[in-house]
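# Structural features, examined
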Amino acid sequence: FWEAEEYHQDYYKKNSFRYGLYRKSSGRTAYIRQTWGRKSDVLPDYRAYQSDKQEEQAENREDKPWQNFEKPDKATLKQELTDIQYRVTQNDATEEPFNNAYWDNDKPGIYVDVVSGEPLFSSKNKFKSGTGWPSFTKPLEPDNVVTKSDFSFFIKRTEVRSKYADSHLGHVFEDGPKKPEQTKAEEATGLRYCLNSAALEFISADQLEERGYGEYTELFEKE
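These figures come from a predicted structure and were not determined experimentally.

Our next topic: the confidence of the model for the protein. With 74% of its residues at a pLDDT of 70 or more, the protein shows a mean pLDDT of 83. Confidence drops under pLDDT 50 across residues 43-54; counting only partners more than four residues distant or on other chains, this segment forms 42 contacts. The low-confidence segment residues 57-61 (pLDDT under 50) makes 6 contacts with residues lying over four places distant or belonging to another chain.

On to the sheet that holds strand β5 (residues 145-150). The 6 strands lie next to each other as β3-β4-β8-β7-β6-β5, forming an open sheet whose pairing is antiparallel. Two strands bound the open sheet, and with one partner strand each, they are β3 (126-127) and β5. Pairing of strand β4 (residues 135-136) with strand β8 (residues 192-195), which is carried by 2 bridges, proceeds in the antiparallel orientation. By the bridge assignment, S135 is partnered in β8 with C194.

What holds strands together in a sheet is hydrogen bonding between their backbones, with the strands either parallel or antiparallel. Here we have 3 strands laid out as an open sheet, ordered β2-β1-β9, and antiparallel in their pairing. Single-partner strands in this sheet number two, and they are β2 (119-122) and β9 (200-204). For this sheet, the mean inter-axis angle between neighbouring strands, taken without regard to orientation, is 30°. The pairing of strand β1 (residues 109-113) with β2 spans 3 bridges and is classified as antiparallel. Directly across from V112, in β2, lies its bridge partner P119.

Here we come to the layout of surface pockets. In this structure, the second largest pocket occupies an estimated 320 Å³ of space. Looking at the second largest pocket, it is lined by 15 residues, and the ones nearest its centre are D106, S123, K126, F127 and K184. Of the residues contributing to the lining of the second largest pocket, the split by class is 3 nonpolar, 4 polar and 8 charged.

Take the nonpolar core next. Residues Y111, F121, V160, L169, Y193, L195 and L200 are the most contacted members of the largest nonpolar core, which totals 17 residues. Of all the elements in the fold, those that place two or more residues in this core are β2, β7 (168-173), β8 and β9. Among residues more than four places away in sequence, those in contact with L200 are Y102, Y111, V112, V114, L120, L169 and L195. With 9 residues, the next largest nonpolar core counts I110, L208, Y216 and F220 among its residues.

Glancing now at the pattern of salt bridges. Inspection of the entire model under this criterion finds 9 salt bridges. The salt bridge partner of E187 is K138, with a shortest N-O separation of 2.8 Å. Taken together, the residues E187 in the loop between β7 and β8 and K138 in the loop between β4 and β5 connect sequence positions 49 residues apart. A relative accessible area of 35% means that E187 is categorised as partly exposed. Classification of K138 by relative accessible area gives partly exposed; the value is 28%. E159 serves as the salt-bridge partner of R161, at 2.5 Å between the closest nitrogen and oxygen.

What counts and what doesn't
- Residues numbered from 1 in each chain as written.
- Predicted model: local features only at pLDDT ≥ 70, side-chain atom pairs only at ≥ 80, totals over all residues.
- Heavy atoms only, no water.
- pLDDT = per-residue confidence, 0-100.
- Contact = heavy atoms within 4.5 Å.
- Pairing = 2+ DSSP bridges.
- Helix = DSSP H or I, 4+ residues; strand = E, 2+ residues; numbered from the N terminus.
- Axes fitted to C-alpha atoms, helices over the stretch in contact; angles between N-to-C directions.
- 1 Å grid on protein atoms, 1.4 Å probe; cavity = no way out; pocket = protein on both sides within 12 Å on 5 of 7 lines; lining within 4 Å.
- Points joined across faces, edges and corners; volume = space filled by probe spheres on them.
- Nonpolar A, V, L, I, M, F, W, Y, C, P; charged D, E, K, R; others polar.
- Core = buried A, V, L, I, M, F, W, Y, C linked by side-chain atoms within 4.5 Å.
- Buried < 20%, exposed > 50% of the residue type's maximum accessible area, 1.4 Å probe, protein only.
- Salt bridge = Lys/Arg side-chain N within 4 Å of Asp/Glu carboxyl O.

What follows is the structure, encoded as structure tokens:
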């Protein structure tokens, strides 16, 4: 026997969505239920999914899990996301201001897509915009953030979506801080990425290594 690679350790925690769907499709869930009853069938909180073939390809290429993300069907998403998470990410809804998880969160860490887990924004560039939604001056990973024109409500806005999960995140505006003294963020870009907390999951700095985002730990080493 050989010890599995590091990214396989505690795999059900790091890639619980993928593990859970594999467990179902492989027949393991049905066997457990038949043998020990439904009470023993405790599935994890799923976060990502890909087929066995994609899994093998990802391991060989050392890709990040979200780069091989295959979006689950609507029925699965409705089951695994909360109502507001589903409405925001899949139906482009907007949550209530000042009544969401991260609008006033000032802890160090990163924000990832709630569906795919792809890293999107960092607390390093989060600032208090007074709008009641989490706001950022720039993305942590620009390649994971997609913008497109939005003409809803009879006005032109710029929508922000995630690349791999295609989740609706919010909008970006040009009324952000333009001077360093106007924000505690690392950089004043003049932009305001106004996002929905329901589209995000916050990974605190002290959990980055455990959750598979160890490459970002150095961002917070002095905090």
